[in-house]
Amino acid sequence: AHKSDNAQQLTFLYEIMDGPCLESFGIQVAEMAHCPQSMIENAKRKAKELECFDYKFRSCEKNKKLKKDKEEKFMSEFQSLPLKNVVSPEEKVRLVKSWLGNLID
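Residues numbered from 1 in each chain as written. Predicted model: local features only at pLDDT ≥ 70, side-chain atom pairs only at ≥ 80, totals over all residues. Heavy atoms only, no water.

(A) The arrangement of the nonpolar core in detail. The biggest cluster of nonpolar side chains holds six residues, and these are Leu81, Leu83, Val86, Leu95, Val96 and Trp99. Other than its neighbours up to four places away in sequence, Val86 contacts Glu91, Lys92 and Leu95. (Core = buried A, V, L, I, M, F, W, Y, C linked by side-chain atoms within 4.5 Å. Buried < 20%, exposed > 50% of the residue type's maximum accessible area, 1.4 Å probe, protein only. Contact = heavy atoms within 4.5 Å.)

(B) View of the packing of aromatic side chains. This model, assessed by the stated rule, comprises two aromatic pairs. Judged by centre distance (5.0 Å) and plane angle (50 degrees), the rings of Phe74 and Trp99 are tilted. With Phe74 in helix 3 (residues 57–79) and Trp99 in helix 4 (residues 89–104), this residue pair connects regions lying 25 residues apart in the sequence. A relative accessible area of 35% means that Phe74 is categorised as partly exposed. Ring geometry for Phe78 against Trp99: centres 5.6 Å apart, planes inclined by 55 degrees, an arrangement best described as tilted. Placement of Phe78 in helix 3 and of Trp99 in helix 4 is noted, with a sequence separation of 21 residues between them. For Phe78, a relative accessible area of 29% corresponds to the partly exposed category. Grouped by ring-pair contacts, the aromatic residues Phe74, Phe78 and Trp99 constitute a single cluster. (Phe/Tyr/Trp six-rings, centres within 6.5 Å; stacked < 30°, edge-to-face > 60°. Helix = DSSP H or I, 4+ residues; strand = E, 2+ residues; numbered from the N terminus.)

Next up, the structure:
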């Protein structure tokens, strides 16, 4: 499909066939229909979650493992912060912010 930049229309350029749809234009249609922005953002988030199709199974499984490994590393590092030794809530916030800042750098 082609979405015209200056017109509110979609032009479908493909033949409809049986099988999985590797691209969907539902979000663009929802935007053109002026659906609530929160609904569109939720749809975009869900679409990203569902991007793993059967034909990509191996790479998706590898990505899931990498993501899980990163999450475990993140949690391990967070749990190692000496928050129990810090009494002041402000100091705890400063410590966590500092740690998060180091992750981004």
